[in-house]
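Structural features, examined
Here is how the chains run, residue by residue.
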Amino acid sequence: DARGGDVTVDGTACYPGLTRWHRRVVWTARQVEVYDDVALAEGGSDVILFRWHLGTTRAPRIAGAGTSYTVTWRDAVMTLEASAPIQVTVEKMPDHTLKYRLWDASGPDHEHACIVVRSAQPANAMALTTSVRAAGR
């Protein structure tokens, strides 16, 4: 409802080699904020990657550098703030949501824009804050 909410999820077991992946999501009717805190096993280092599927076929505009980026598209504005330098790109990716509607596995993949956020260098840990709000608000 309009009051929003606040939930924290422990996704550590989702990927091998992690010692921590905590995601906190705080939302209202106007905005959602996602706080990710990721750590690899001691001594481990890799590119840390997040994907944000936008559900639009239009390519968004990306601006920023280092640890701070803004992504805009017709309906929303996304800001990204990281604890280490990141690279932010847009890639076309399939959306299987509609492919399996009515249990029909023969439907087409519907490609849409996906924001890919990567640590600029292999890292052992990274924190990322992602905020999304409706455009014009």
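To start, this report covers the structure provided alongside it. (Residues numbered from 1 in each chain as written. Predicted model: local features only at pLDDT ≥ 70, side-chain atom pairs only at ≥ 80, totals over all residues. Heavy atoms only, no water.)

Side note on the pattern of salt bridges
Defined as follows: When a carboxyl oxygen of Asp or Glu is within 4 Å of a side-chain nitrogen of Lys or Arg, the pair counts as a salt bridge. Every helix listed is a DSSP run of H or I at least four residues long, and every strand listed is a run of E at least two residues long, numbered separately from the N terminus. The classification of residues rests on relative accessible area computed with a 1.4 Å probe and restricted to protein chains. Under 20% of the type maximum is buried, over 50% is exposed, and intermediate values are partly exposed.
Within the structure shown, the criterion is met by four salt bridges. The salt bridge partner of arginine 24 is aspartate 6, with a shortest N-O separation of 2.4 Å. Residue arginine 24 is found in strand S2 (residues 18-27), and its partner aspartate 6 is found in strand S1 (residues 5-10); the two are separated by 18 residues along the sequence. Assessed through its relative accessible area of 37%, arginine 24 is described here as partly exposed.

Quick word on the side chain of threonine 130
Where we set the bar: Two residues qualify as a contact provided that any one of their heavy atoms is within 4.5 Å of a heavy atom in the partner residue.
Inspection of the secondary structure assignment puts threonine 130 in strand S10 (residues 125-134). With near-sequence residues (within four places) excluded, threonine 130 lies in contact with Val32, Glu33, Val34, Trp52, Met78, Thr79 and Leu80.

Let's talk about the sheet that holds strand S3 (residues 31-40)
Heads up, the rule is: Only when DSSP finds a minimum of two bridges between them are two strands counted as paired. Note on geometry: axes are lines fitted to C-alpha atoms, helical ones only across the stretch in contact, with angles between N-to-C directions running from 0 to 180 degrees.
Spatial ordering of the open sheet is given by S1-S2-S3-S10-S7-S6-S5, a layout of seven strands whose pairing is antiparallel. This sheet does not close on itself; its edge strands, each paired only once, are S1 and strand S5 (61-65). Direction aside, neighbouring strands of the sheet carry axes that sit 10° apart on average. Of the pairings in the sheet, the one linking S3 to S10 comprises nine bridges and is antiparallel in character. Paired with glutamate 33 across the strands is serine 131, a residue of S10.

Digging into the nonpolar core
Inclusion rule: Note on terminology: a nonpolar core comprises buried Ala, Val, Leu, Ile, Met, Phe, Trp, Tyr and Cys residues joined through side-chain atoms within 4.5 Å.
Counting 25 residues, the largest nonpolar core has Phe50, Leu80, Ile86 and Val117 as its most contacted members. Secondary structure elements with two or more residues in this core: S2, S3, strand S4 (49-53), strand S6 (68-73), strand S7 (76-82), strand S8 (86-95), strand S9 (110-119) and S10. Considering each element in turn, this core owes the most residues, four residues, to S7.

Points about a nonpolar patch on the surface
Just so we agree on the cut-off: Exposure above 30% relative accessible area and the lack of any salt bridge qualify a residue for a patch; like charges then connect within 9 Å, and the nonpolar side chains Val, Leu, Ile, Met, Phe, Trp and Tyr within 5 Å. Note on areas: Shrake-Rupley with a 1.4 Å probe; residue coverage comes only from the protein chains shown.
On the surface, Val7, Val9 and Trp27 cluster together to form a nonpolar patch covering roughly 240 Å² of accessible area. Checked against the element boundaries, valine 9 lands in strand S1. A relative accessible area of 47% means that valine 9 is categorised as partly exposed.

Let's talk about the environment of histidine 110
Structurally, histidine 110 is set in strand S9. Here the alpha-carbon distance between histidine 110 and glycine 55, two residues 55 residues apart in the chain, equals 9.1 Å.

Observations concerning the environment of proline 16
Counting through the fold element by element, proline 16 comes out in the loop between S1 and S2. Given a relative accessible area of 79%, proline 16 falls into the exposed group. Distance from proline 16 to alanine 41, taken between C-alpha atoms, is 9.2 Å for residues 25 residues apart in sequence.

Remarks on the pairing of S6
Where S5 and S6 come together, five bridges link them in antiparallel fashion. For alanine 65, the partnering residue across the bridge sits in S6 and is serine 68. Between S5 and S6, which follow one another and run antiparallel, lie two residues, and glycine 66 among them has a positive phi close to 65°. Judged from the six bridges that link them, S6 and S7 form a sheet pairing that is antiparallel. Residue pairing in the sheet places threonine 72 in a bridge with valine 77 of S7.

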